[in-house]
Amino acid sequence: MSRPKTKERILVTGGAGFIASHIVDAYVALGHKVIVLDNLSTGSRKNINPRANFYKADINDLPALERIFKKERPTVVNHHAAIAEVAKSLRNPIPTMTVNVLGTANLLLCTGAVNAKRFIFPSSGGTVYGEPAHLPTTEHMSLNPISPYGLSKLFGEQEIEFYSRMHGFTYLIFRYANVYGPRQNPKGEAGIMAIFSGLMKSNQRPTIFGDGSKTRDYLFVQDVVDANVRALTRGRNAIVNLGTGHQISDRAVFNTLAQEWGFTQKPIYTPFRKGEILRSALAHKKANEVLGWFPKFSLEKGIRTTVEWYQSH
Ligand SMILES: NC(=O)c1ccc[n+]([C@@H]2O[C@H](COP(=O)([O-])OP(=O)(O)OC[C@H]3O[C@@H](n4cnc5c(N)ncnc54)[C@H](O)[C@@H]3O)[C@@H](O)[C@H]2O)c1
């Protein structure tokens, strides 16, 4: 990565979590001033880059946000904080809606108040489209989320478009595929690469929901980081999918991980979970046109890197 001419003051919410902590590392390495805001609900202090300014704060605490924004005056806001689990949102949608919809509105108000110029946001390509009519899914296909989590991400997109019109900052909205890689929490309910790795490491049998044929599009976290770096300077008010365009079945994920871990037991099969679609793959033609981005990590390389990380952590 070449060093940018303009040094930004970038406030990253969720920067103690899985994806955004990697983005923070890249922004710091490029010489930007980075401010991390996280309530540490699922994130961890040990993920936070020591060269970033850290605030333990909740995005639903508007007075705290106003104080932090006034003090730090970010030029760019990259908003990754969220409750990011479909199953949790189905059990009780209120916390997910409160954080992902109202919390996002709080941040947008503060972004406008300090005249920041840019807002970057991860929506969810695996949930906002619902069960897609065609694969790989393109950005103009209909939006039919089947979980409160998917709905909350769609609301987030619309809030951003609205506040961008009100305040004049530009935005880049990503619709991520299933992101995996080092630092993903193996104790969560989402992210089967991490969950299966955690179980295989301690020689326990992972559970597959359904018959193993359900598919997802798996994107390695460093490819996501690359897109978030490009998004600092490219793409004016755009919504772009970020995925490989390939479907990988749960059974294939299990088999590839089992081979890497030397795990010889069979998975446990239980019924499909409500709120989950059966097939997903995201077209990335637009991300290529808007950002010059394409995924560089093969599944094999991404899985190998991920397993090596879990082996040593
Ligand atoms: N992981 C994926 O495959 C995926 C796919 C699509 C979109 N996304 C989006 O990417 C973002 C990051 O996801 P992740 O997988 O890294 O999850 P994560 O849980 O590791 O990260 C979320 C971070 O937000 C923080 N947070 C949660 N609620 C907060 C609040 N009220 N105030 C302040 N901080 C709060 C958590 O402590 C955590 O550090 C989320 O917005 C998620 O919706 C993730």
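In what follows, the structure referred to is the one given above.
Only a predicted model underlies this, so the values are computations on that prediction, with no experimental measurement involved. (Residues numbered from 1 in each chain as written. Predicted model: local features only at pLDDT ≥ 70, side-chain atom pairs only at ≥ 80, totals over all residues. Heavy atoms only, no water.)

**Let's talk about the pattern of salt bridges**
Tallied over the full model, the rule gives twelve salt bridges. For Glu157, the salt bridge identified is with Arg175, shortest N-O distance 2.8 Å. Of this pair, Glu157 sits in helix α5 (residues 148-167) while Arg175 sits in strand β6 (residues 170-176); the two residues are 18 residues apart in sequence, bridging distant segments of the chain. Accessibility assignment for this pair places Glu157 and Arg175 in one class, buried. Notably, a salt bridge pairs Arg273 with Glu276, separated by 2.9 Å at the nearest N-O pair. Through salt bridges with shared partners, one network takes in Arg216, Arg273 and Glu276. (Salt bridge = Lys/Arg side-chain N within 4 Å of Asp/Glu carboxyl O. Helix = DSSP H or I, 4+ residues; strand = E, 2+ residues; numbered from the N terminus. Buried < 20%, exposed > 50% of the residue type's maximum accessible area, 1.4 Å probe, protein only.)

**Some thoughts on the packing of helix α1 (residues 18-29) against helix α7 (residues 221-230)**
Packing of α1 against α7 brings their axes to within 9 Å, and their N-to-C directions diverge by 55 degrees. The angle between the axes of α1 and α7 places the two elements in the oblique class. In terms of crossing hand, the pair formed by α1 and α7 is right-handed. Across the interface between the two elements, Phe18, Ile19, His22, Ile23, Ala26 and Tyr27 from α1 touch Val221, Gln222, Val224, Val225, Asn228 and Val229 from α7. Residue composition of the contact of α1 with α7, grouped by class: nine nonpolar, three polar and no charged. (Axes fitted to C-alpha atoms, helices over the stretch in contact; angles between N-to-C directions. Parallel < 35°, antiparallel > 145°, perpendicular 65-115°, else oblique. Left-handed = near helix turned anticlockwise from the far one by under 90°. Contact = heavy atoms within 4.5 Å. Nonpolar A, V, L, I, M, F, W, Y, C, P; charged D, E, K, R; others polar.)

**Describing the pairing of β6**
Burial runs high along β6: seven of the seven residues are buried. Here strand β5 (residues 118-124) runs beside β6; their pairing, made up of seven bridges, is parallel. Bridge pairing in β6 links Ser123 to Arg175. Note that the unit made of β5, α5 and β6 has a crossover that is right-handed. Pairing analysis gives five bridges linking β6 to strand β11 (residues 238-242), with the strands arranged parallel. Within the sheet, the bridge partner assigned to Tyr176 lies in β11 and is Leu242. (Pairing = 2+ DSSP bridges. Right-handed = clockwise from strand over helix to strand, strands pointing away.)

By themselves these figures say nothing about function.
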